[in-house]
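For reference, the chains in residue letters:
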Amino acid sequence: MRILFFSCLFVLLYNTTFSQGTDASSKENQFISDLISKMTIEEKVGQMTQYTGFFDITGPAPISGDNRRKYDDIKNGRVGSMLNVKGADQVRAMQKLAVENSRLGIPMIFGYDVIHGYKTISPIPLAEAASWDLQAIQRSARVAATEATAAGLNWTFAPMVDISRDARWGRVMEGAGEDPYLGSRIAAARVQGFQGDDLSANYTLAACTKHFAAYGFVESGKDYNTADIGTSTLYNVVLPPFKATVDAGVMTFMNSFNELNGIPATADKFLQRNVLKGDWGFDGFVVSDWGSIDELVIHGYAQDEEHAAQYAANAGSDMDMESHAYKEYLVSLIEKGRVDISVVDEAASRILRVKYRLGLFDDPYRYCDETREREITMSKENKDAALDMARKSIVLLKNDKSFLPISKSGKKIAIIGHLADSESSPLGNWILAADDNSAVSLLEGISKYDGNEYSYTQGVRLYEGREKFIYELKINTEDRSGIEQAVKLAKESDIVIMNLGEHGFMSGEARSRATLSLPGLQQELLEAVYEANPNVVLVLQTGRPLTITWADDHVPAIINAWQLGTESGHAIAQVLFGDYNPSGKLPMTFPSSIGQVPIYYNHKNTGRPYNADLVFWSHYIDQTNAPLYPFGFGLSYTSFKYENLIVSSSQNTVEVSITVTNTGNYDGEEVVQIYIRDHHSSVVRPIKELKGFEKLAIKKGESKTVKFQLSEKELGFFNNQGKYIFEPGKFSIMVGPNSTDLMEQVIEL
Ligand code: GLC
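Rules and cut-offs
Residues numbered from 1 in each chain as written. Predicted model: local features only at pLDDT ≥ 70, side-chain atom pairs only at ≥ 80, totals over all residues. Heavy atoms only, no water. Buried < 20%, exposed > 50% of the residue type's maximum accessible area, 1.4 Å probe, protein only. Helix = DSSP H or I, 4+ residues; strand = E, 2+ residues; numbered from the N terminus. Contact = heavy atoms within 4.5 Å. Polar contact = N/O pair within 3.5 Å; in protein donor to acceptor, adjacent residues only side chain to side chain. Axes fitted to C-alpha atoms, helices over the stretch in contact; angles between N-to-C directions. Left-handed = near helix turned anticlockwise from the far one by under 90°. Nonpolar A, V, L, I, M, F, W, Y, C, P; charged D, E, K, R; others polar. pLDDT = per-residue confidence, 0-100. Salt bridge = Lys/Arg side-chain N within 4 Å of Asp/Glu carboxyl O. Pairing = 2+ DSSP bridges. Right-handed = clockwise from strand over helix to strand, strands pointing away. Parallel < 35°, antiparallel > 145°, perpendicular 65-115°, else oblique. Core = buried A, V, L, I, M, F, W, Y, C linked by side-chain atoms within 4.5 Å. Domains from an automatic or database assignment. Buried area = accessible area lost by both parts, 1.4 Å probe.

A. Spotlight on helix H20 (residues 568-576). With respect to burial, H20 is a largely interior element, eight of its nine residues being buried. Among all positions in H20, only Ser-568, Gly-569, Ala-571, Ile-572, Ala-573, Gln-574, Val-575 and Leu-576 are buried. Contacts from the buried residues of H20 go to helix H15 (380-393), helix H16 (442-447), strand S16 (495-501), strand S17 (536-541) and strand S18 (557-560). One or two positions beyond H20, positive phi appears at Gly-578, with a value near 85°.

Okay, here's the thing in structure tokens:
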């Protein structure tokens, strides 16, 4: 009797669950196909067109020119999306223009670059990656989503998941560094933070994985440049974070400006149709990057804009960001039979599907809530989250003789550096919605700590010019007038805190550098101050790894404070004075010199690795192979001991455990990292690959045992046919606090 009861219960539950699922998706599909059947070709092409915001929509309508044409296109249902329109009132007015005037009243989707915060700015994504704290990273994305959606937005052009090994490329600040495993975990966390479990909620928005693909491998680190990489690197390094976001349910992708192995990504059918929409089953839509469809002509790929529209549409680029190529040519290309109507139906359906899941057909104004916008933007709760994220992102790079933390005991402390007084630079780049000068400067953060005597001087000016995304700052390379005053102040002080590095707008899009040294005259300033007083703490402010080799050879303490966002000054001060024990670990290798770049930990062995006896091995005759600081590196105010590494295996599954003890005088957090090496394989594998990590809070004197389990999923790799395979054989299992100081055991699988 009982069996009958439970089997009936199971059938009932099964039908309820899956029928709901089936019902929901069939309702969605029915809605979309019904709507598509009513649409004209022009209206379908309209969905594939995205314009940037071009005027104050709450003001008088534009009367002529480009803006009037765009205005009319919106009213006539020929625009599917806008970007760079923000604010509940502006979005509402723009949405009304489309919904209340067009024939079918299809709502637009509003996108914006909410990369690391909307108004409350969190650390730049590369800094967040240094926290290795997936929960904090997810919450950071959620805070950004709650503020952006309150301002009417329902789509962000993030996460950027481009793996890069080249700090010359300015956009490394937007990503998660050099490792595909860490990059994949962080990418998924960011998608979850932005999209949540209910995309139709008015505090979540559609995420956008970008830039598909291999943008981080631009030659010479020069933005927008050629990317030429092999199949193994494409499958094993570049693609995994993109796939991780599809598995996390990301609703949109953005392709990239670069050409990959001769094919511009915007027109790359293999990437967009075979891999993304085919193998991976991605059911959202792909938006081109700004003007990248038109750029197919400039690349030398398309003969003219009409061919560019044809190639991009046929290759699976569903939406045209600001080329206007689809609007101008797609209808005639269909009439000429050069683009099949099914291509447009599919693209429009994908776009409508995202709008449907966002709830925009239920309520086009769902995200326009002026009250909510006022209440939550820059709220204390959001700023507290930003502060927590900032502290966790700080990496302690050097701390000789426990120079840090600084005690609060009547010391005379000099603070030197142009950046220390900046309320703009700590925000980093990609802060389009942030209020100007809304960061807590280092000076302000330190001033909250009484008990010492603080004095500030700028030292050398680093930059001048407008601190905006679209302007390039002028870096001072002549005016040394501030050095004398800085030296004088250093001589009169017990400790010198030097805040040096890059301004936030020296990294990001179109900000590649050919050197990685301290910009301007900062190195001269550092050496002059150090000579006057060697008790220097270098607080680095940067959007990328820098070759601070001289500083590492000389100054007793170095903190990498990246660009930490709104709460920057408070976070750094808490670390400087010991109210927070730093726990960050580098997501990207710091080179010893620019000549080593690209440099990364998961490199191959080559046939001529290190050989002490011979000259004929892979090295430089004038520089070490070793990085300044390796991937995964970061110190603490306490110390941790690793012991009892136990590795066992059965059926190609490896069980690993290790005990970590806090042997120092502070409670702290440690990121325990596990790496593997596949010693012999049909496609050569790196000498080590990160395959797991766990961030642990360990009190002083306490020990914790960490366990990892590795299966074929972690032990395998993609072969040159793009197939994921596992090959039994000799493996090294390595565990430790970074990619260099590792305990190792070798096993046979
Ligand atoms: C930019 C960037 C892209 C951004 C887009 C919209 O050029 O490459 O990352 O999302 O245009 O601003």
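B. Highlighting the side chain of Ser-256. Looking at the element boundaries, Ser-256 is found in the loop between strand S6 (252-255) and strand S7 (259-260). Here the side chain of Ser-256 touches Ala-213 through a polar contact of 3.2 Å, landing on its backbone nitrogen. Separated by 2.7 Å, the side chains of Ser-256 and Asn-258 make a polar contact.

C. Here's a closer look at the packing of helix H6 (residues 134-150) against H15. Where H6 meets H15, the closest approach of the two axes is 10 Å, and the angle between their N-to-C directions is 150°. Between H6 and H15 lies a crossing whose hand is left-handed. The residues of H15 that touch H6, namely those facing Ala-136, Ile-137, Arg-139, Ser-140, Val-143, Thr-146 and Glu-147, are Asn-382, Ala-385, Asp-388, Met-389 and Lys-392. When the residues that make up the contact of H6 with H15 are grouped by side-chain class, the tally is five nonpolar, three polar and four charged.

D. Spotlight on the confidence of the model for the chain. Averaged over the chain, the pLDDT score is 96; the fraction of residues at 70 or greater is 97%. Per-residue pLDDT stays below 50 along residues 9-20; that stretch engages in four contacts with residues further than four places along the chain or on separate chains.

E. Highlighting the pattern of salt bridges. A complete count under the given rule lists 45 salt bridges for this structure. Two residues, Arg-353 and Glu-28, come together in a salt bridge whose shortest N-O distance is 3.3 Å. On the criterion of sequence distance, the pair formed by Arg-353 in helix H13 (residues 341-357) and Glu-28 in helix H1 (residues 2-38) is long-range, its members being 325 residues apart. Classification of Arg-353 as buried rests on a relative accessible area of 15%. With a shortest N-O distance of 2.8 Å, Asp-345 and Lys-44 are connected by a salt bridge. Taken as a pair, Asp-345 in helix H13 and Lys-44 in helix H2 (residues 41-47) lie far apart in primary sequence, 301 residues in all. Look at the salt bridges and you will find they share partners, linking Asp-66, Arg-69, Asp-73, Arg-78 and Lys-327 into a network.

F. Structural view of the pairing of S16. Of all the seven residues making up S16, seven are buried; the element is thus mostly covered by neighbouring parts of the structure. Burial along S16 is two-sided: Ile-495, Ile-497, Asn-499 and Gly-501 and Val-496, Met-498 and Leu-500, pointing in opposite directions, are all buried. Of the strand pairs in this sheet, strand S12 (residues 412-416) and S16 are connected by four bridges, and their pairing is parallel. Residue pairing across strands places Ile-413 opposite Ile-495, the latter belonging to S16. Looking at chain direction, S16 and S17 are connected through six bridges and run parallel. Bridged to Leu-500 within S17 is Leu-540. For the crossover that starts at S16, traverses helix H18 (residues 522-532) and ends in the parallel S17, the hand is right-handed.

G. Looking closely at the packing of helix H7 (residues 180-195) against helix H8 (residues 231-247). Here H7 crosses H8 at 20°, and the two axes come no closer than 8 Å. Put simply, H7 runs roughly parallel to H8. By crossing handedness, the relation of H7 to H8 is classed as right-handed. For the pair H7 and H8, the contacting residues are Pro-180, Gly-183, Ser-184, Ala-187, Ala-188 and Val-191 in the first and Asn-236, Val-237, Pro-240, Pro-241, Ala-244 and Thr-245 in the second. Per-class residue counts for the contact of H7 with H8 are eight nonpolar, four polar and no charged.

H. Molecular detail of the nonpolar core. Ranked by internal contacts, the top residues of the largest apolar core, which has 135 residues, are Met-82, Phe-253, Leu-404, Ile-548, Trp-562 and Leu-576. Each of domain 1 (1-111) and domain 2 (390-596) contributes no fewer than three residues to this core. If we skip the residues at most four places from it in the chain, Trp-562 touches Ile-124, Leu-126, Ala-127, Ala-130, Ser-393, Val-395, Leu-540, Gln-541, Thr-542, Leu-586, Pro-587 and Phe-590.

I. Here's a closer look at the side chain of Glu-306. Looking at the secondary structure, you find Glu-306 in helix H11 (residues 305-314). If sequence neighbours within four positions are ignored, Glu-306 has contacts with Tyr-329, Ser-332, Leu-333, Lys-336 and Arg-338.

J. Local environment of the domain arrangement of the chain. Assigned domains of the chain: these are domain 1 (1-111), domain 2 (390-596) and domain 3 (640-748). Taking only C-alpha atoms, the centre of domain 2 and the centre of domain 3 are 34 Å apart. When domain 2 packs against domain 3, close to 590 Å² is buried across both sides, 44% of that on carbon and sulfur atoms. Contact with domain 3 buries area across many residues of domain 2, yet Asn-581, Ser-583 and Lys-585 alone supply 72% of it, more than any other trio. In this assembly, domain 2 and domain 3 are joined by one salt bridge. Among the ionic pairs, Glu-670 bridges to Lys-585, the shortest N-O distance being 2.9 Å. Where domain 2 packs against domain 3, one counts five residue pairs in polar contact (both at pLDDT 80 or more). The class makeup of the residues in the side of domain 2 that touches domain 3 is two nonpolar, two polar and two charged.

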